[in-house]
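Close look at the chain arrangement
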Amino acid sequence: MIRPIVLYGHPVLRKKAQPVDDFEEGKQLIADMFETMHNARGIGLAAPQINILKQIFVVDTVQLAEGYDDDEMPLGTPIKKAFINPQIIEHSGNPIVYEEGCLSIPDVRANVERPFKVLIKYQDEEGQWHEEEYDGLTARVIMHEYDHLQGKLFIDYLSPLKKQMLSSKLKNIQRGKVKPFYPVILPNR
Ligand code: NI
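Here we summarise the structure given alongside this text. Remember, it's a predicted structure, so these values are computed and weren't measured experimentally.

The subject of this paragraph is the coordination of the nickel ion. Distances from the nickel ion to its protein donors, C102 (SG), H144 (NE2) and H148 (NE2), fall at 2.1 to 2.2 Å. Going along the chain, you hit the donors of the nickel ion in the pattern C-x41-H-x3-H. Remark: H144 occurs in helix 3 (residues 136–149) and C102 occurs in strand 5 (residues 96–102); sequence separation between them is 42 residues. Pair check on accessibility: C102 and H144 agree, each one buried.

Rendered as structure tokens:
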């Protein structure tokens, strides 16, 4: 089931997500998250973005693998998976500046500096723990989605000047004036 995506300005995007203990309930939610993300042509989605304060995010960089060609940012190992109760253990590698966007902040893109690699511990849909290292674009998506579970957004990394430059776009989203092609929950509802 495609769920509406919460837009910037809605308070749920600033709250901390809670740990998951019911993995059966989690499975349906994860299926919906993949469907919602793909419908919106995204490569990552976190549960707070569909108004659910649970520690779950999904990533699909497999869909980018065919013909991927970006000298600035290697893809890393492409994955299509759900991360439940994730904990980032370590960042490493040289920080890289790369352009990001977010399904909750439509039509806003900006450069963000993040480390190249990430070591993450998480549970899968069966509750099994894994510890894995990722790099490149896959690591970047993981870091972006992980931030959502802490109530953090990519625009929080921008300089005051850059944020000022984007302020009218951000205000339009906050005022419910932006209507993407996918279903959304407006911030003022
Ligand atoms: Ni996002």
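Let us look at the pattern of salt bridges. Applying the stated rule across the entire model yields nine salt bridges. Between E99 and R109 there is a salt bridge, with the nearest N and O atoms lying 3.0 Å from each other. Here E99 is found in strand 5, whereas its partner R109 is found in strand 6 (residues 105–114), with 10 residues between them in sequence. Look at E99 and you get partly exposed, because its relative accessible area is 39%. With relative accessibility at 48%, the residue R109 sits in the partly exposed group. Across the salt bridge formed by R114 and E100, the nearest N and O atoms sit 2.7 Å from each other. Note that R114 is positioned in strand 6 and E100 in strand 5, a separation of 14 residues in sequence. Look at R114 and you get buried, because its relative accessible area is 4%.

A separate point is the sheet that holds strand 4 (residues 80–92). Read across the open sheet, the five strands follow the order 2-3-4-7-8; overall the sheet is antiparallel. Each of the sheet's edge strands pairs with one partner strand only, and the pair in question is strand 2 (44–46) and strand 8 (129–135). Strand-to-strand twist across the sheet, computed as the mean angle between neighbouring axes with direction ignored, equals 40°. When strand 2 meets strand 3 (residues 56–60), the two strands line up antiparallel, connected through three bridges. Within strand 3, the residue paired with A46 across the bridge is F57. Lying over the sheet, helix 3 contacts strand 2, strand 3, strand 4, strand 7 (117–123) and strand 8, oriented at roughly 155° with respect to strand 3.

Turning our attention to the layout of surface pockets. The computed volume of the largest pocket comes to approximately 560 Å³. Contributing to the lining of the largest pocket are 26 residues, with I43, E100, G101, C102 and R109 lying nearest its centre. Those elements giving two or more residues to the lining of the largest pocket turn out to be strand 5, strand 6 and helix 3. For the lining of the largest pocket, a count of residues per class yields 15 nonpolar, four polar and seven charged.

Here we take up the packing of aromatic side chains. One pass over the full model with this rule turns up four aromatic pairs. Consider the rings of F57 and F83, whose centres lie 4.9 Å apart with planes at 20°: the pair is stacked. Of this pair, F57 sits in strand 3 while F83 sits in strand 4, and the two are 26 residues apart along the sequence. There is no split in this pair, since F57 and F83 are both buried.

Within the largest apolar cluster, 22 residues are counted, with the highest numbers of intra-cluster contacts made by F57, V59, F83, V118, I120, Y134 and I142. For this core, the secondary structure elements donating two or more residues are strand 3, strand 4, strand 7 and helix 3. Examining the composition of this core, we find that seven residues originate from one element, helix 3, more than from any other. Among residues more than four places away in sequence, those in contact with Y134 are T77, I79, K81, F83, F116, K117, V118, I120, Y122, A139 and I142.

Quick notes on the rules
- Every residue gets a number counted from 1 within its own chain, in the order that chain's sequence is written.
- Totals for whole chains, interfaces and linings use all residues, but because this is a predicted model, local features are given only for residues with pLDDT of at least 70 and pairs of side-chain atoms are given and counted only at 80 or more.
- As a rule here, side-chain values cover all heavy atoms of the structure and leave hydrogens and water aside.
- Shown as donors are all N, O and S atoms within 2.8 Å of a metal ion, widened to 3.2 Å for Na, K and Ca; because water is not in the atom set, sites may appear incomplete.
- Counting from the N terminus, the helices are DSSP H or I runs at least four residues long and the strands are E runs at least two residues long.
- Only protein chains enter the area calculation, which uses a 1.4 Å probe; residues under 20% of their type maximum are buried, those over 50% are exposed, and those in between are partly exposed.
- Salt bridge, as used here: a side-chain nitrogen of Lys or Arg that lies within 4 Å of a carboxyl oxygen of Asp or Glu.
- A pair of strands is considered paired only if DSSP assigns at least 2 bridges between the two.
- Simply put, an axis is a line fit to the C-alpha atoms, just over the touching stretch for a helix, and the angle between two N-to-C directions goes from 0 to 180 degrees.
- Here a residue-residue contact requires only that any non-hydrogen atoms of the pair lie within 4.5 Å.
- Only protein atoms enter the 1 Å grid used here. Points where a 1.4 Å probe fits but cannot escape make up a cavity, open sets with protein on both sides within 12 Å along at least five of seven lines make up a pocket, and a residue lines them when an atom lies within 4 Å of a point.
- Grid points are joined across faces, edges and corners, and a volume is the space filled by probe spheres set on the points.
- Only Asp, Glu, Lys and Arg are considered charged in this grouping, and only Ala, Val, Leu, Ile, Met, Phe, Trp, Tyr, Cys and Pro are considered nonpolar; every other residue, Gly among them, is considered polar.
- The pairing test for Phe, Tyr and Trp rings, Trp by its six-membered ring, is centres within 6.5 Å, and the orientation test on the planes gives stacked under 30 degrees, edge-to-face over 60, and tilted for anything in between.
- Definition of nonpolar core: a set of buried residues of the types Ala, Val, Leu, Ile, Met, Phe, Trp, Tyr and Cys, connected through side-chain atoms within 4.5 Å.

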